[in-house]
Amino acid sequence: MSKVLILNNENVDFENVKALLEKSGYSVSISKSVSDLVNAAINKKSDVILTTTESVQNKVNIHPAMETQMETIFSLAKLAQSRDDDTGEHLTRVQNYCRILSEELAKNSPYSQLIDNDFITDIVNASTLHDIGKVGISDLILLKNAKLTEDEYEVMKTHTIIGAQTLEDVHSKFGDNSFIRMGKIIARSHHERWDGKGYPDGLSGEHIPLPARIMAIADVYDALSTKRVYKDAFPQEKCVQIIKEGRGTQFDPYIVDAFLRVADKFDDVRQMFCDKVS
Ligand SMILES: [Fe+2]
Ligand SMILES: [Fe+2]
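Residues numbered from 1 in each chain as written. Chains lettered and ligands numbered in written order. Predicted model: local features only at pLDDT ≥ 70, side-chain atom pairs only at ≥ 80, totals over all residues.

1. Details of the overall build of the protein chain
Working step 1: What the protein chain contains, in helices and strands, is 13 helices and three strands.
Working step 2: Within the protein chain, the proportion of its 278 residues that are buried is 39%.
Working step 3: Considering only contacts within the protein chain whose residues lie at least 6 apart along the sequence, 67% involve residues at least 24 apart. (Helix = DSSP H or I, 4+ residues; strand = E, 2+ residues; numbered from the N terminus. Buried ≥ 20, exposed ≤ 12 C-beta atoms within 10 Å, placed from the backbone. Contact = placed C-beta atoms within 7 Å.)

2. Concerning helix H13 (residues 253–272)
Side chains of residues three or four places apart in an α-helix project in the same direction, reflecting 3.6 residues per turn.
Working step 1: With 20 residues, H13 extends 27 Å from end C-alpha to end C-alpha; this agrees with the ideal 28 Å at 1.5 Å per step.
Working step 2: The sharpest bend along H13 measures roughly 65° and falls at Val 262.
Working step 3: Buried within H13 we find Ile 255, Val 256, Ala 258, Phe 259, Phe 266, Val 269 and Arg 270.
Working step 4: Summarising the contacts, the buried residues of H13 are in contact with helix H5 (90–107), helix H11 (210–225) and helix H12 (236–245). (Expected span 1.5 Å × (residues − 1). Bend = angle between axes of the 7 residues up to and from the residue.)

3. Brief notes about the packing of helix H10 (residues 178–189) against H11
Each packed pair of helices is defined by two parameters, the angle between the axes and the distance between the axes.
Working step 1: Put simply, H10 and H11 touch, their axes get as near as 8 Å, and they point 55° apart. With respect to their mutual orientation, H10 and H11 come out oblique. The handedness of the crossing between H10 and H11 comes out as right-handed. Here Met 182, Ile 185, Ile 186 and Ser 189 of H10 lie close against H11, whose contacting residues are Pro 211, Ala 212 and Met 215.
Working step 2: Among the residues making up the contact of H10 with H11, the classes are represented as six nonpolar, one polar and no charged. (Axes fitted to C-alpha atoms, helices over the stretch in contact; angles between N-to-C directions. Parallel < 35°, antiparallel > 145°, perpendicular 65-115°, else oblique. Left-handed = near helix turned anticlockwise from the far one by under 90°. Nonpolar A, V, L, I, M, F, W, Y, C, P; charged D, E, K, R; others polar.)

4. Section: the environment of Asp 118
Working step 1: Its location among the elements puts Asp 118 in helix H6 (residues 117–126).
Working step 2: For Asp 118, a count of 12 C-beta atoms within 10 Å translates into the label exposed.
Working step 3: Separated by 61 residues in the primary sequence, Asp 118 and Phe 179 have C-alpha atoms spaced 9.3 Å apart.

5. Quick notes on the confidence of the model for the protein chain
Close inspection of predicted coordinates is inappropriate in any region flagged by low pLDDT.
Working step 1: Summing up the model confidence of the protein chain, the mean pLDDT is 81 and the portion of residues at 70 or higher is 71%.
Working step 2: Mean pLDDT values over the elements of the protein chain span from 46, in helix H3 (residues 54–60), up to 98, in H12.
Working step 3: Low pLDDT, under 50, characterises residues 55–68; the stretch is placed with 28 contacts to residues that sit more than four places away or in other chains. (pLDDT = per-residue confidence, 0-100.)

6. Points about unusual backbone geometry
Working step 1: For the bond running from Tyr 199 to Pro 200, omega is 10°, close enough to zero to count as cis.
Working step 2: Relative to the elements of secondary structure, Pro 200 occurs in the loop between H10 and H11.

7. Digging into the nonpolar core
Working step 1: Counting 44 residues, the largest nonpolar core has Tyr 97, Leu 101, Ile 214, Ile 217, Ala 218 and Ile 255 as the members making the most contacts within it.
Working step 2: At the level of secondary structure, the elements contributing two or more residues to this core comprise H5, H6, helix H9 (159–174), H10, H11, H12 and H13.
Working step 3: Here this core gets nine residues from one element, more than from any other, and that element is H11.
Working step 4: Apart from residues lying up to four places away in sequence, Ile 217 is in contact with Leu 101, Ile 243, Phe 251, Ile 255 and Phe 259. (Core = buried A, V, L, I, M, F, W, Y, C linked by C-beta atoms within 7 Å.)

8. Observations concerning the packing of H12 against H13
Working step 1: Two elements in contact, H12 and H13, have axes separated by 11 Å at closest approach and are oriented at 165°. The angle between H12 and H13 places the two elements in the roughly antiparallel class. Crossing of H12 over H13 shows right-handed handedness. Listed contacts from H13 to Gln 236, Val 240, Ile 243 and Lys 244 of H12 are Val 256, Phe 259, Leu 260, Ala 263 and Asp 267.
Working step 2: For the contact of H12 with H13, the class distribution of residues is six nonpolar, one polar and two charged.

9. A short note on the environment of Phe 251
Working step 1: By secondary structure assignment, the location of Phe 251 is in the loop between H12 and H13.
Working step 2: Expressed as a C-alpha distance, the spacing of Phe 251 and Gly 205, which sit 46 residues apart in the sequence, is 8.7 Å.
Working step 3: Leave out the neighbours within four places in its chain, and Phe 251 touches Trp 194, Ala 216, Ile 217, Ile 243, Gly 246 and Val 256.

Have a look at this one:
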């Protein structure tokens, strides 16, 4: 799936942004034509399309003050992900899982009133930022090829706080933006558990922000269903079973119920965006 960066400021040096993104592993194309954009997206010719096309900007709904910062944020997210990554398509998959779950919850759950189109747009974008705080974790811990010691695990857990702090800095510098606001919530709380045994704040139940409760299932499903250095990919039935077992302990029961109704769509996404390396 392509990401679209809307840079409406003609003064931005697109070639420079392109080079920066390519350094972070994106394939990038620059276009002002909507048909080029659609073509590149459909045929997956590039990960990122840089455009100044205003009609696209209106659809994507990015706050103007953020436009010139988006490339940095996405690059940082990609960089954070790529360092410990056995998961080339992880961000694309979790974006899709968050979208599928949110759409189902909007249709049929106690949260339907809380989820509108803006919420869904924001969670799709903001989910890419969940592990952005890993940029602050040392290679010795992040890339360790063995079980972390207790102390190392404590350091690892701080990626949630570092990520939220990073996005708080962006937020206070560039003003209110719903996508960054949601990114901050997700970065901080995506490892919380429904039963209060998660981190960093030990929040429980509905004290955990809804986007983070959705993200938790998306992220865990992805970890279960893909190959990691420490495990093989589990078959779909086993992934579904493990998520089901977490109903009301690790995960929000209503979101697990929604997941069970759309688990087949998760499986489709997993197959569509499988890792190139696995
Ligand atoms: Fe994380
Ligand atoms: Fe993740």
